[in-house]
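Chain by chain, the residues:
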Amino acid sequence: MNTFKELGLNEDLLHAINDLGFETPSDVQAKAIPILLEKDTDLVALAQTGTGKTAAFGFPMLQKIDINSRTTQGLILSPTRELCLQITNELKLYGKYCKGLNVVAIYGGASISEQARDVKRGAQIVVATPGRMKDMIKRNMVDISKIEYAVLDEADEMLNMGFYEDITDILSHSPKDKSTWLFSATMPKEVSNIAKKFMHTPVEITVGNKNEGTNQVSHEYYLVNSRDRYSALKRLADANPDIFSVIFCRTKRDTQKVAEQLIEDGYNAGALHGDLSQNQRDMVMNSFRKKQIQMLVATDVAARGIDVDDITHVINYQLPDEPEIYTHRSGRTGRAGKTGISMVIVSKSEIRKIKSIERIINQKFELKQIPDSKDICEVQLFSLANKVHNTEINHEIDQYLTSINALFEDTSKEELIKKFFSVEFTRFYNYYKKSQNLNVTDSSRGGDRDRDSDGGRDYGSSDNSSRYFINVGKKDGYDWMSLKDFLKEILELGRDDVFKVDVKESFSFFNAEKELQEKILAFFQDFKHNGRFVNVEVSEDKGGGTSRNKRRSGSGGGGRRSSGDFKPRGERRSGGKSDFGGRDRRGSGDSKPRRSSSSDSSGPNRKDRRAKGDFKPVESSFSPPRRSRRKDD
Ligand code: ADP
Ligand code: MG
């Protein structure tokens, strides 16, 4: 069963599916659609977020309802306003060739009379949050006495949020002989109870193992002292310039505090929690969707509605009280076939929680090291270099070039590059130069290896290798294994010649023996892959990810080309949204004197605005135009 057509969908739907660019049905779609099309049955489907559940119930419902009738035939209940709107929009897209289709969303925080009016016009499908739905039934604004299909979407989350009674109430107004389709990521007792109560011998389908996190997500934990939690968070962000993340805190207060602190420190952050007005929450979510916010700090409840693809990292700033909640958190990344990382910052006393989560998700966590100053400076520098290299020239600059050129008349290209990069690099360098190692050793586990990078051979100070930067990364579909294979193949190298491969979002690092340097650099002089130039440079750092003591010695790299020598060649690569200190400072823009200490108390992203030579009064001099990556990757 490989195509949507084979699942039995009609031409109108296939046409829309084609427009959407869906090529093959996801697992849950392949399993649910034929069953739901074939007979009127109850169904319980267990599948993680991001597996395409909306279409799994949406396609069959659209095909089965009578579009020529104006009676409400389908009801979809979902936990939040956000999800409700998303489902409505998706259904409209799926049904765009179903002439006469009317899907109406019903949710709190918006005009009830307008929603009632939309329903009255004849909505075959109503998508609703339980609270508002109950309200509208009570006020006779919607009639579900003739529905044939009821969907409980994200049933576990609805029950988590305390909607049990509302759901019971709502369903009591619907016909007994309808079909009920329940979709859930997990199957806690409450969900099986509701299934027992409202469903008759439902067909059960499970995608992946029950209660298992999606394996598109890798799970990492970082062991620090509690007081270093915030500093650790910042380092994780600094070591991942392309980060697009949700950061989970346990309480509204902590959520607000962490977000404020991040904004203060110059990051693109925002808070999402229940103490904000609906309007404020909408604004935050809009900025997040547009990637103006790179770090969304949220409570579990507020994050329920987050259905954004492309989230690269979920960071558990604090672990949830219930280990089951972790699945919901980590499911925010690794959506739509992409990979993601779920990071947990823990103190020693919380390690047992990691173990119980491991049992639930049936996956192991990797113990990883909080990046040290050198790691971060290196990543940031190359990220900026990569961005500069890929930047399209803005010819508005031309009019100023005469004076700028005059200023740099006596500066060589080499010197200019050094100066240019020092502008940003020095900030990170100064900030981190006295910083401490935040990692705490975990005597109880140990032995865990760095999985995201290729540990490869263990190199000591006698290391005779060079570290290379290459401008391909996760964005281009590589992980360390595939990049290693790719390099070995094109360079015709042996099994162990490439090692310590560390893949970042838009670029990567790897090591190879010094004697191969000439060959490697020569090879990449003009190397094009998939139509674009691949750039490889020697990095000064020896690399090695986690082995901080091993790397200070040795010359590292050297080579013909220094790491600052970035040839402006090749075409612009799409993407390149890495952000080297270019984070806009939204919110508090003051420059109060603040505590200065070596322990990450302020932030490297926070440029001192009083510093001389600042080209612009605001700090967005490197802020890239943010490209939405949704669906076009
Ligand atoms: P879930 O409800 O399981 O969390 P969604 O239904 O929201 O997942 O789908 C997640 C994303 O995947 C959406 O952007 C959706 O458009 C996309 N999607 C769904 N089905 C397919 C498919 N068969 N092929 C490609 N993309 C899909
Ligand atoms: Mg969904």
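All figures in this text were calculated on a predicted structure; none of them were measured in a lab.

Caption draft 1: The arrangement of the overall build of the chain in detail. Counting its regular elements, the chain contains 20 helices and 20 strands. If you take every contact in the chain between residues at least 6 apart in sequence, the share linking residues at least 24 apart comes to 79%. Split by element, the accessible area of the chain, about 28000 Å² in all, is 48% carbon and sulfur.

Caption draft 2: Helix α16 (residues 373–390), seen in detail. Taking 1.5 Å of rise per residue, 18 residues should cover 26 Å, and α16 covers 26 Å from first to last C-alpha, within 8% of that figure. Burial analysis of α16 places 16 of its 18 residues in the buried class, the great majority of the element.

Caption draft 3: Fine view of unusual backbone geometry. One non-glycine residue, asparagine 140, lies in positive phi territory at about 55°. Among the residues examined, asparagine 140 registers a relative accessible area of 65% and is labelled exposed. Unlike most non-glycine residues, lysine 291 shows phi in positive territory, near 65°. With respect to the helices, strands and loops of the structure, lysine 291 is situated in the loop between α12 (278–289) and β11 (295–298).

Caption draft 4: Quick look at the site of ligand 1. The immediate surroundings of ligand 1 are formed by 20 residues, with Thr24, Gln29, Gly50, Lys53 and Thr54 found nearest. With respect to ligand 1, the side chain of glutamine 29 contributes an N or O atom lying 2.8 Å from a nitrogen atom. Between ligand 1 and aspartate 309, the relevant distance is 3.0 Å, taken from an oxygen atom to a side-chain nitrogen or oxygen of the residue. About the coverage of ligand 1: the protein hides 87% of its 560 Å² of free accessible area.

Caption draft 5: Local environment of a nonpolar patch on the surface. On the surface, Ile397, Tyr400, Leu401, Ile404, Leu407, Phe408 and Leu416 cluster together into a nonpolar patch covering about 610 Å² of accessible area. Here the element with the most residues in the nonpolar patch is helix α17 (residues 398–407); it accounts for four residues. You can see phenylalanine 408 is positioned in the loop between α17 and α18 (413–432). On the basis of relative accessible area, phenylalanine 408 is assigned to the partly exposed category, the value being 32%.

Caption draft 6: Molecular detail of the nonpolar core. With 42 residues, the main nonpolar core has Leu9, Phe59, Ile76, Leu91, Ile125, Trp181 and Phe183 as its most contacted residues. Residues contacting tryptophan 181, with those up to four places away along its chain left out, are Leu36, Thr41, Leu43, Phe57, Pro60, Met61, Tyr149, Ala150, Val151, Leu152 and Met199. The next biggest cluster of nonpolar side chains, apart from the first, holds 33 residues, and it includes Val44, Val104, Ile167 and Ala195.

Caption draft 7: Up close: the packing of aromatic side chains. A full pass over the atoms with the stated rule returns 22 aromatic pairs. With a centroid separation of 6.3 Å and 75° between ring planes, the pair formed by tyrosine 221 and phenylalanine 365 is classed as edge-to-face. Of this pair, tyrosine 221 sits in strand β8 (residues 217–223) while phenylalanine 365 sits in strand β14 (residues 365–368), and the two are 144 residues apart along the sequence. In this structure phenylalanine 365 comes out as buried when scored by relative accessible area, which is 1%. Centre to centre, the rings of phenylalanine 428 and tyrosine 432 are 6.4 Å apart; their planes meet at 25°, and the pair counts as stacked. Taken together, the positions of phenylalanine 428 and tyrosine 432, both in helix α18 and four residues apart, correspond to about one turn of that helix. A relative accessible area of 0% places phenylalanine 428 in the buried class. Across the ring face of phenylalanine 244, the terminal group of lysine 291 is positioned such that the distance to the ring centre comes to 4.7 Å. Looking at lysine 528, its charged tip hangs above the ring of phenylalanine 533, at a distance of 5.4 Å from the centre.

Caption draft 8: Main features of helix α6 (residues 130–138). The set of residues buried in α6 consists of Pro130, Arg132, Met133, Met136 and Ile137. Projected onto a plane normal to the axis of α6, the buried residues spread over an arc of 165° and lie on a single side. Those residues of α6 that are buried are in contact with β2 (74–77), β3 (103–106), α5 (112–120), β4 (125–128), α7 (155–160) and α8 (164–171). Immediately beyond the C-terminal end of α6, within one or two residues, lies asparagine 140, with a positive phi of roughly 55°.

Caption draft 9: Expanded view of the sheet that holds strand β15 (residues 465–470). Pairing within the open sheet is antiparallel, and its four strands lie in the order β16-β17-β15-β20. Both edges of this open sheet fall to β16 (498–503) and β20 (536–539), since each of them pairs with a single strand only. Going from strand to strand, the sheet's axes swing by 25° on average, the running direction of each strand aside. Of the pairings in the sheet, the one linking β15 to strand β17 (residues 508–513) comprises six bridges and is antiparallel in character. Residue tyrosine 468 lies in a different strand from β17, and its bridge partner there is phenylalanine 510.

Caption draft 10: View of the packing of helix α10 (residues 229–238) against α18. It is the contact of α10 with α18, at a shortest axis distance of 14 Å, that shows an interaxial angle of 150°. Our classification of the angle between α10 and α18 gives roughly antiparallel. The handedness of the crossing between α10 and α18 is left-handed. Contact residues: Lys234, Arg235 and Asp238 in α10; Phe428, Tyr431 and Tyr432 in α18. When grouped by side-chain class, the residues that make up the contact of α10 with α18 number three nonpolar, no polar and three charged.

Caption draft 11: View of the packing of α16 against α18. One way to put it is that α16 packs onto α18 with a least axis distance of 10 Å and a crossing angle of 160°. Looking at the two axes, α16 sits roughly antiparallel to α18. Once α16 is placed against α18, the crossing between them reads as right-handed. Along its contact with α16, which presents Ser373, Ile376, Cys377, Gln380, Leu381, Leu384, Ala385 and Val388, the element α18 presents Phe420, Phe421, Glu424, Phe425, Phe428, Tyr429 and Tyr432. Its residues assigned to classes, the contact of α16 with α18 comprises twelve nonpolar, two polar and one charged.

Caption draft 12: Looking closely at the pattern of salt bridges. Counted under the stated rule, the structure contains 22 salt bridges. As a salt-bridge pair, aspartate 166 and lysine 134 come within 3.4 Å of each other at their nearest N and O atoms. Placement of aspartate 166 in helix α8 and of lysine 134 in helix α6 is noted, with a sequence separation of 32 residues between them. Between glutamate 220 and lysine 368 there is a salt bridge, with its nearest N and O atoms 3.7 Å apart. Taken together, the residues span a long stretch of sequence, with glutamate 220 in strand β8 and lysine 368 in strand β14 at a distance of 148 residues. Overall, the relative accessible area of 3% leaves glutamate 220 in the buried class. According to the relative accessible area criterion, lysine 368 is buried, its value standing at 10%.

Caption draft 13: Fine view of the side chain of asparagine 439. Among the secondary structure elements, asparagine 439 is positioned in the loop between α18 and β15. Asparagine 439 sits in the buried class, given a relative accessible area of 16%. In terms of polar contacts, asparagine 439 uses its side chain to reach the backbone amide nitrogen of isoleucine 370, at 2.6 Å.

Rules used in this analysis
- Residues numbered from 1 in each chain as written.
- Chains lettered and ligands numbered in written order.
- Predicted model: local features only at pLDDT ≥ 70, side-chain atom pairs only at ≥ 80, totals over all residues.
- Heavy atoms only, no water.
- Helix = DSSP H or I, 4+ residues; strand = E, 2+ residues; numbered from the N terminus.
- Contact = heavy atoms within 4.5 Å.
- Areas by Shrake-Rupley, 256 points an atom, 1.4 Å probe, with all protein chains shown as cover.
- Expected span 1.5 Å × (residues − 1).
- Buried < 20%, exposed > 50% of the residue type's maximum accessible area, 1.4 Å probe, protein only.
- Near = heavy atom within 4 Å.
- Polar contact = N/O pair within 3.5 Å; in protein donor to acceptor, adjacent residues only side chain to side chain.
- Patch = residues over 30% accessible without salt bridge, like charges linked within 9 Å, V, L, I, M, F, W, Y side chains within 5 Å.
- Salt bridge = Lys/Arg side-chain N within 4 Å of Asp/Glu carboxyl O.
- Core = buried A, V, L, I, M, F, W, Y, C linked by side-chain atoms within 4.5 Å.
- Phe/Tyr/Trp six-rings, centres within 6.5 Å; stacked < 30°, edge-to-face > 60°.
- Lys NZ or Arg CZ within 6 Å of the ring centre and 35° of its normal.
- Arc of directions from axis to C-beta.
- Pairing = 2+ DSSP bridges.
- Axes fitted to C-alpha atoms, helices over the stretch in contact; angles between N-to-C directions.
- Parallel < 35°, antiparallel > 145°, perpendicular 65-115°, else oblique.
- Left-handed = near helix turned anticlockwise from the far one by under 90°.
- Nonpolar A, V, L, I, M, F, W, Y, C, P; charged D, E, K, R; others polar.

The values reported here are purely geometric and, on their own, carry no functional implication.
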